[in-house]
Amino acid sequence: RTIFVLPEQCPQCRSHNISPCHDTEEHTQEDIVIVRPVLTRFVKQRGYCRDCGESFFPLGKGERPKGYIGPVAVAVAGYLRYVIKIPFDGVRKILGGLWGLEITPAALGGFDKKLAAAGQPCYAQIADRVRFSTGINVDETSWPRGPVMEWLWTFTNPDCAFFKIAPSRAGS
């Protein structure tokens, strides 16, 4: 967008007796536009499959089944939590303060569990790639979780790395 700014008051003496000149100056700046959330109500018509006899409600575009927070808000929460490394309470405050989204800590934990479940096939695939490689480097280090001491195991080969937190230092 372009905004034309006309001289109305002298910044030195505050006079309004101004005559415009012919020359101009340009200044460009980037900013963030904070928009209010969009509430979407999905009204879904039941369908009936004539091949298998099942009746169902379709999934709407952008709909998260049984989720009251949409996919963009969940993605922003994940970015803040895992890329920027903001604690859950900070993520909750940012989403509430900037967009008015009231998200409970339990909801953020639920997002976390769904994200972990979605990544499970990829995690298993990496484990197999390391497990069946010809050479593996292995290391373990203590990993305190509150009062409980667990172990972070690292398995690497030239192509990838696999990490696993285990309750024991035993290499089983």
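Located above this text is the structure these notes cover.
Below is a summary of the structure that appears in this document. (Residues numbered from 1 in each chain as written. Predicted model: local features only at pLDDT ≥ 70, side-chain atom pairs only at ≥ 80, totals over all residues. Heavy atoms only, no water.)

Here's the deal with unusual backbone geometry
Part 1 of the argument: With phi around 70 degrees, R14 is a residue other than glycine that occupies positive phi space.
Part 2 of the argument: Assignment of secondary structure puts R14 in the segment before β1 (47-48).
Part 3 of the argument: A positive phi angle, near 70 degrees, is found at K85, a position not held by glycine.
Part 4 of the argument: Overall, K85 belongs to the exposed group, its relative accessible area being 60%. (Helix = DSSP H or I, 4+ residues; strand = E, 2+ residues; numbered from the N terminus. Buried < 20%, exposed > 50% of the residue type's maximum accessible area, 1.4 Å probe, protein only.)

A word on the sheet that holds strand β4 (residues 148-156)
Part 1 of the argument: Ordered in space as β3-β4-β5, the 3 strands form an open sheet in which the pairing is antiparallel. In the strand order of this sheet, the two ends are held by β3 (137-145) and β5 (161-166), each with one partner. Adjacent strand axes in the sheet meet at a mean angle of 20 degrees, parallel and antiparallel pairs treated alike.
Part 2 of the argument: Sheet topology places β4 next to β5; 6 bridges connect them, and they run antiparallel. Note on β5: the bridge partner recorded for W151 is A166.
Part 3 of the argument: Sheet strands touched by helix α3 (residues 105-131): β4 and β5. Its angle to β5, the strand with the most contacts, is close to 110 degrees. (Pairing = 2+ DSSP bridges. Axes fitted to C-alpha atoms, helices over the stretch in contact; angles between N-to-C directions. Contact = heavy atoms within 4.5 Å.)

Side note on the environment of F4
Part 1 of the argument: The topology assignment puts F4 in the segment before β1.
Part 2 of the argument: We classify F4 as exposed; its relative accessible area is 74%.

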